[in-house]
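Chain by chain, the residues run as shown.
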Amino acid sequence: MTPAGRFAPSPSGELHVGNLRTAILAWLFAKSSGRDFLLRVEDLDRARAGAEAEQLRDLEAIGVRWDAAVVRQTERAALYSDAIARLTKEGRTYECFCTRREIQEAPSAPHAPQGAYPGTCRRLSHAEREIRRASRPASIRLRSDVMEWAVEDQLHGTFVGMVDDFVLRRNDGVTAYNLAVVVDDAAQGIDQVVRGDDLLSSTPRQAYLAALLGLPVPEYAHVPLVVNHDGVRLAKRDGAVTLGDLAAAGIPVHRVRDLILESLRLPAGSLQDALPAFNPQTLPNEPWVWITPRA
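Below is a summary of the structure that appears in this document. Note that this is a predicted model, so its numbers are computed, not measured. (Residues numbered from 1 in each chain as written. Predicted model: local features only at pLDDT ≥ 70, side-chain atom pairs only at ≥ 80, totals over all residues. Heavy atoms only, no water.)

1. What about the side chain of His 16?
Point 1. Its location among the elements puts His 16 in the loop between β1 (4-7) and α1 (17-32).
Point 2. His 16 sits in the buried class, given a relative accessible area of 10%.
Point 3. Side-chain polar atoms of His 16 contact the backbone nitrogen of Gly 18, separated by 3.0 Å. (Helix = DSSP H or I, 4+ residues; strand = E, 2+ residues; numbered from the N terminus. Buried < 20%, exposed > 50% of the residue type's maximum accessible area, 1.4 Å probe, protein only. Polar contact = N/O pair within 3.5 Å; in protein donor to acceptor, adjacent residues only side chain to side chain.)

2. Side note on helix α3 (residues 77-89)
One full turn of an α-helix is made of 3.6 residues, so residues set three or four places apart face in the same direction.
Point 1. Its 13 residues give α3 an end-to-end C-alpha distance of 18 Å, which sits within 8% of 18 Å, the value for a rise of 1.5 Å per residue.
Point 2. Of the residues making up α3, those classed as buried are Tyr 80, Ala 83, Ile 84 and Leu 87. For α3, the angular spread of buried residues about the axis comes to 95°, placing them on one side. Along α3, the residues that are exposed and aim more than 90 degrees away from the buried face are Ala 78, Asp 82 and Lys 89. (Expected span 1.5 Å × (residues − 1). Arc of directions from axis to C-beta.)

3. Observations regarding the sheet that holds strand β2 (residues 36-41)
Point 1. Strand order in the open sheet formed by three strands is β1-β2-β3, and the pairing between neighbours is parallel. With one partner strand each, in any of the chains shown, β1 and β3 (71-72) form the two edges of the open sheet.
Point 2. In terms of strand pairing, β1 meets β2 through four bridges, oriented parallel. Note that in β2 the partner of Gly 5 across the bridge is Phe 37.
Point 3. Taken strand by strand, α1 contacts β1 and β2, and its axis lies near 145° from that of β2. (Pairing = 2+ DSSP bridges. Contact = heavy atoms within 4.5 Å. Axes fitted to C-alpha atoms, helices over the stretch in contact; angles between N-to-C directions.)

4. Remarks on the sheet that holds strand β4 (residues 93-96)
Point 1. Spatially, three strands are ordered β4-β5-β8 in an open sheet, and the strand pairing comes out antiparallel. One side of each edge strand has no neighbouring strand; the edge strands of this open sheet are β4 and β8 (167-169). Each strand of the sheet is rotated relative to its neighbour by a mean of 45°, with strand direction disregarded.
Point 2. Two elements, β4 and strand β5 (residues 139-142), share four bridges in a ladder whose sense is antiparallel. The residue bridging Tyr 94 from the neighbouring strand is Arg 141, located in β5.

5. Some points on helix α2 (residues 51-62)
Point 1. When the terminal C-alpha atoms of α2 are compared, their 17 Å separation across twelve residues agrees well with the 16 Å that a helix rising 1.5 Å per residue should span.
Point 2. Of the residues making up α2, those classed as buried are Ala 51, Glu 52, Glu 54, Gln 55, Leu 56, Asp 58, Leu 59 and Ile 62.
Point 3. Downstream of α2 by a residue or two, Gly 63 has a phi angle that is positive, lying close to 105°.

Geometric descriptors of this kind do not, in isolation, establish any biological role.
Here it is in structure tokens:
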């Protein structure tokens, strides 16, 4: 299997400039290191009708191309179930009946990191589980035997983050992101993960889970986000931030692409033209403040 990088959007709506910038960076990282570039639609949750087609259209318009058929998480349920079944057989899972409110109000477990799941359901007896099943469906949590895990990031160096008994499958039957992303990356041969640095804190959980499953841990590069003038992560509520809205305001797609490349200290033009100048070590390490250009 050819080593690969990837971009994995959730089809909840149109991609905005921040999403497109991350996609371009993922493509540049992959291609500059001789990898294939893959696209995975993470549609387990929050899918909006027509959003996938819009996202694929915008990625192609900005110059991002992928090297294999698009993969969708909703088509991969058997892989996730197999991973959970394996962990369960090894005694590494348990049922959890807690609501979010109960978790927030529960006292923290001794020596647990701030914000960690307090372990309320970890030691329930069989009888206690039977009682709870009668009134509430269970989620499936990982029975972790560490409290933190270290990962290496190409831009951030060594990062040590919390690992708690995180959810593998929600109580509505939907596979949780932390499990799905680990299984998908391994199955697709993805050994390089480039994504926004807001996801860095969850990466130790994923690397730890990969180790438990005997799966390779990818190389990571968590890139700075695009923010609005208040320093808050860019969102569609910030005005003309999608290709469609910008086009309606008289800003063509090639200008948006050039602005993104310039923000990365790369020459304007096609992504292929920018590729020879790409160097991860010279990337800006601060967020890019998006200011909608004039037509």
